[in-house]
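Below are the chains, spelled out letter by letter.
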Amino acid sequence: MSDTELAESPSDDQDYGDPRTYDPDFQGPTSDRSCTDLLCCVIFTLFVMGYILLGLVAWIHGDPRRVAYPTDSQGHFCGQKGTPNENKTILFYFNLFRCTSPSMMLKLQCPTTQICVSRCPEKFLTYLEMRFLNKKDKTQWEYYRQFCKATASPAKSLSDLLSRGDCPPAVYPSRPFLQRCLPDFSTINRTLIVGSRMQFDDGSGKSRNIIELREAANGIGKILDARTIGLKVFEDYTTTWKWILIGLTVAMALSWIFLMLLRFTAGFLFWVFMFGVLGIIGYGIWYCYVEYIGLQHKPQSAIMIYDIGIQTAINMIFHLKQTWFSMMIILCVIEAIIIIVLIFLRRRIRVAIILLKEGSKAIGYIPSTLVYPVVTFVLLSICISYWAVTAIFLATSGVPIFKVMVPEGGCIHEDETCDPEVFPETHIPVVCPGASCNFAFYGARSVYHEYIIVFQIYNLFAFLWLVNFVIALGQCTLAGAFASYYWAMRKPEDIPRYPLFLAFGRAVRYHTGSLAFGSLILASVQMFKVIIEYLDSRLKKAQNSVARFLQCCLRCCFWCLEKMVKFLNRNAYIMIALYGKNFCASTRDAFYLLMRNILKVAVTDEVTHFILLLGKILVSGIVGVLAFLLFTERLQEIVEGPTTLNYYWVPFLTLVLGSYLIAHGFFSVYSMCVETIFICFLEDLERNEGSPSKPYYVTPALKDLLMEPGEEKKNKKR
């Protein structure tokens with residue numbers, strides 16, 4: 001670098017503040033601190049207290065049983081102990097054909113009377129047929145009345161039955177499905193089709209056919225599909241939870257082993273990461289190709305008979321083929337990207353490996369930092385659990401609300417609030433023939449219930465704020481511990497005792513407000529992203545091409561904004577751990593420091609993250625391959641795994657995601673360590689000049705690698 005360039009470079013850096021000057025008293029994280037961002041600390045404390053109060057109020061008003069048990073038209077639970085329906089665990093629909101009404105999908109309620117029964121009908125029988133048979137066999141009424149209201153009595157005529165609404169006009173052979181009686185088509189086909197009764201009387205004087213009955217059952221199935229999948233997923237979890245715990249333990253052990261090996265064989269382990277990831281992705285490509293070819297030549301005889309709420313086997317095979325083909329293309333693209341990145345960044349990877357070795361030394365001197373991810377995991381689990389429980393209690397708050405439901409629609413009283421006890425005596429059944437007063441949802445007219453939606457938004461925002469605060473606390477704590485390592489002239493003699501606990505105490509005691517401030521900014525950005533996604537899902541059908549383009553632009557902008565805020569926050573927390581300033585001042589100092597050394601940042605930061613990303617992928621990939629072989633029964637000769645899974649991909653994806661999160665938790669310690677050492681190195685270059693009176697704290701290997709030729713001479717002149 002010429003003298004002219006040396007003279008001009010200070011003026012170029014003036015826009016990014018003045019470099020640090022030598023301070024003989026500075027020996028690491030400042031101990032003389034004061035509380036920062038007190039206003040935000042107070043707001044955060046009040047916000048958390050309000051969140052706790054909201055949880056208590058929701059716990060008082062909510063009732064999670066409303067999610068677990070079906071509810072009849074009177075708002076009573078089916079199968080709930082201590083109630084008249086204790087032995088009646090199944091919900092029965094009086095007129096299933098009304099479930100094809102368009103209003104059903106809008107209100108998520110079938111506009112027909114629903115009662116709790118102990119069993120489903122086993123035979124096809126109309127009310128008129130029952131009356132005729134009952135003249136000879138008195139047990140026919142006893143059988144039929146179990147599907148009527150408790151106060152039902154034999155009607156004199158069909159019109160009398162329909163006006164009173166005490167009994168269904170007909171019952172069909174059914175089976176329990178998610179605690180609902182839905183038609184059993186194997187029995188119906190045998191009873192109706194074989195008996196040449198493709199057309200049948202629905203009991204109310206209308207002729208129906210088997211297709212209409214199936215469509216009515218599918219109407220219920222659309223509502224229950226999500227719950228069906230949920231129950232099957234729950235069954236898979238109960239079957240595989242031991243294997244999931246074993247897999248997560250293996251992921252934790254692998255992460256520990258890789259972290260220990262990084263200290264001694266960082267270069268060799270990088271090649272293990274690289275070839276391991278490429279090999280696992282290559283295996284995935286090969287397997288997807290084999291599955292795709294297998295489905296391509298699958299014979300048509302494998303097609304199954306259409307059933308309730310399930311697509312035909314043709315569509316299922318089509319979707320599976322598309323799924324495997326899409327996964328193969330995605331994995332090929334990922335493989336190509338990794339290879340290209342490795343080719344173009346081969347020189348910078350050497351710098352990142354040296355940084356990882358330095359980070360390994362710091363973690364070796366402060367081994368307690370490897371335990372801190374467990375603390376973060378516990379705190380995050382508490383936040384997630386509290387949010388989920390509060391959301392459920394808020395959603396189930398209130399008392400049963402009844403609405404007037406009309407199967408054909410067009411009634412002026414439709415959707416009005418009603419009282420089922422006095423509804424038959426009102427004029428509504430006369431004005432609206434076939435109308436019924438049925439349970440609709442849970443709610444009330446109090447101030448609390450009017451603001452349930454607001455409370456749910458508060459619950460979500462509080463969850464985002466607390467989660468980001470927990471992550472910020474961990475980053476600031478780790479930064480303080482690793483800064484103590486860097487600024488120790490003699491390692492490990494000059495490292496203070498219990499540096500992690502000291503850093504945690506400083507962060508909580510002095511900088512809760514600053515951490516809450518940074519978390520608030522990030523939570524606000526994430527909340528805006530959630531709102532955009534919600535609006536997109538609600539207005540998807542009404543959007544034109546311009547609206548979709550703007551939506552895509554907003555998503556991209558907020559994604560970039562979130563990444564930028566996370567980057568600035570992380571470096572701000574390092575400066576807070578070092579100097580104890582408030583959030584804004586620390587963010588400014590970190591930004592100016594990085595901009596004054598922008599070339600070094602570009603060389604080291606992202607490359608180090610890339611190497612650690614390969615390690616995370618390798619850990620989750622190893623566990624994922626083993627889980628896939630186990631849950632698809634390909635390891636039965638070695639170990640006997642579960643054999644009755646509904647969806648093998650449920651525990652498989654759980655293990656892959658869980659393993660990645662565990663690996664991310666452990667490798668994030670390395671990431672924070674490298675970033676802290678790098679920030680401290682930049683501070684060291686500006687504070688000191690490498691002379692005996694102002695020596696560098698950086699190790700010789702790292703100094704030779706990161707310092708540009710002539711930079712030490714420039715520092716001495718400055």
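In case you missed it, the structure is sitting above this.
A few points on the structure. (Residues numbered from 1 in each chain as written. Predicted model: local features only at pLDDT ≥ 70, side-chain atom pairs only at ≥ 80, totals over all residues. Heavy atoms only, no water.)

Turning next to a nonpolar patch on the surface. Where nonpolar side chains cluster on the molecular surface, the patch consists of Met252, Trp256, Met260, Val371, Val374, Phe377, Val378 and Ile382 and spans about 730 Å² of accessible area. Within the residue set of the nonpolar patch, elements represented by two or more residues are helix H9 (210–264) and helix H13 (372–395). Here the nonpolar patch takes four residues from H13, the largest share from any one element. By the element assignment, Val374 lies in helix H13. Assessed through its relative accessible area of 41%, Val374 is described here as partly exposed. (Patch = residues over 30% accessible without salt bridge, like charges linked within 9 Å, V, L, I, M, F, W, Y side chains within 5 Å. Areas by Shrake-Rupley, 256 points an atom, 1.4 Å probe, with all protein chains shown as cover. Salt bridge = Lys/Arg side-chain N within 4 Å of Asp/Glu carboxyl O. Helix = DSSP H or I, 4+ residues; strand = E, 2+ residues; numbered from the N terminus. Buried < 20%, exposed > 50% of the residue type's maximum accessible area, 1.4 Å probe, protein only.)

A full pass over the atoms with the stated rule returns three disulfides. Disulfide pairing places Cys78 opposite Cys116 at an S-S distance of 1.9 Å. Because the torsion about its S-S bond is -75°, the bridge between Cys78 and Cys116 counts as left-handed. Within this pair, whereas Cys78 is found in the loop between helix H3 (65–68) and strand E1 (90–93), its partner Cys116 is found in strand E2 (residues 114–117), the two being separated by 38 residues in sequence. Comparing Cys78 with Cys116 shows no difference in burial state: the two are buried. Across the disulfide, Cys120 is cross-linked to Cys181 (sulfur-sulfur distance 2.1 Å). Because the sign of the S-S torsion sets the handedness, a value of about -95° for the bond joining Cys120 and Cys181 places this disulfide among the left-handed ones. Taken as a pair, Cys120 in the loop between E2 and strand E3 (125–126) and Cys181 in strand E6 (residues 180–183) lie far apart in primary sequence, 61 residues in all. Note on Cys120: relative accessible area 6%, which makes it buried. (Disulfide = S-S within 2.5 Å.)

This paragraph deals with the packing of aromatic side chains. Scanning the model with the defined rule gives 30 aromatic pairs in all. When the ring of Phe47 is compared with that of Tyr458, the centres are 4.6 Å apart and the planes differ by 25°; the resulting orientation is stacked. Of this pair, Phe47 sits in helix H2 (residues 38–61) while Tyr458 is found in helix H16 (residues 452–486), placing the two residues 411 residues apart along the sequence. A relative accessible area of 24% means that Tyr458 is categorised as partly exposed. Aromatic ring contacts, followed pair by pair, group Phe44, Phe47, Tyr51, Tyr386, Tyr458, Phe461, Trp465 and Phe469 into a single cluster. Lying over the aromatic face of Tyr143, Lys123 brings its terminal NZ or CZ to 4.7 Å of the ring centre. (Phe/Tyr/Trp six-rings, centres within 6.5 Å; stacked < 30°, edge-to-face > 60°. Lys NZ or Arg CZ within 6 Å of the ring centre and 35° of its normal.)

For helix H19 (residues 545–579), with 35 residues, the first-to-last C-alpha span of 51 Å sits near the 51 Å given by 1.5 Å per residue. Once H19 ends, the next one or two residues include Gly580, with phi positive near 75°. (Expected span 1.5 Å × (residues − 1).)

Take unusual backbone geometry next. The phi dihedral of Asp37 is positive, around 50°, even though this residue is not glycine. Looking at where Asp37 falls in the secondary structure, it is placed in the loop between helix H1 (3–13) and H2. In this model, Tyr498 sits at a positive phi of 50°, which is unusual for a non-glycine residue. Summarising the element assignment, Tyr498 is placed in the loop between H16 and helix H17 (499–510).

Let's shift gears to the nonpolar core. Of all hydrophobic cores here, the largest spans 121 residues; its most connected members are Leu578 and Phe667. Top contributing element to this core by residue count: H16, with 20 residues. If near-sequence neighbours (up to four positions away) are discounted, Phe667 is found in contact with Ser255, Phe258, Leu259, Leu262, Phe273, Leu612, Gly615, Lys616 and Val619. Ranked by size, the runner-up nonpolar core spans 18 residues in total, among them Phe94, Trp141, Ala152 and Val171. (Core = buried A, V, L, I, M, F, W, Y, C linked by side-chain atoms within 4.5 Å. Contact = heavy atoms within 4.5 Å.)

Another point: empty space enclosed by the protein. Using the criterion set out here, one finds four cavities of 30 Å³ or more in the structure. As for the second largest cavity, its lining consists of Phe92, Tyr93, Phe94, Leu96, Ala170, Val171, Tyr172, Ser174, Cys181, Leu182 and Pro183. The set of elements that each furnish at least two residues to the lining of the second largest cavity consists of E1, strand E4 (170–171) and E6. Element by element, the count of residues in the lining of the second largest cavity is highest for E6, at three residues. When its residues are assigned to classes, the lining of the second largest cavity shows ten nonpolar, one polar and no charged. (1 Å grid on protein atoms, 1.4 Å probe; cavity = no way out; pocket = protein on both sides within 12 Å on 5 of 7 lines; lining within 4 Å. Points joined across faces, edges and corners; volume = space filled by probe spheres on them. Nonpolar A, V, L, I, M, F, W, Y, C, P; charged D, E, K, R; others polar.)

Along the polypeptide, Asn571 turns up in helix H19. Within the structure, the side chain of Asn571 is placed 2.8 Å from the backbone oxygen of Phe567, a separation counted as a polar contact. With sequence-adjacent residues up to four places away left out, Asn571 is seen in contact with Ala590, Leu594, Glu675 and Ile679. (Polar contact = N/O pair within 3.5 Å; in protein donor to acceptor, adjacent residues only side chain to side chain.)

With 24 residues, H2 extends 35 Å between its outermost C-alpha atoms, agreeing within 8% with the 34 Å of an ideal straight helix rising 1.5 Å per residue. Of the residues making up H2, those classed as buried are Cys40, Phe44, Phe47, Tyr51, Leu54, Gly55 and Ala58.

With that settled, the discussion passes to the pairing of E1. Of the two faces of E1, both are covered, the one formed by Ile90 and Phe92 as well as the one formed by Leu91 and Tyr93. By the bridge criterion, four bridges tie E1 to E2 in an arrangement that is antiparallel. In the sheet register, Phe92 faces E2, and the bridge partner there is Ile115. (Pairing = 2+ DSSP bridges.)

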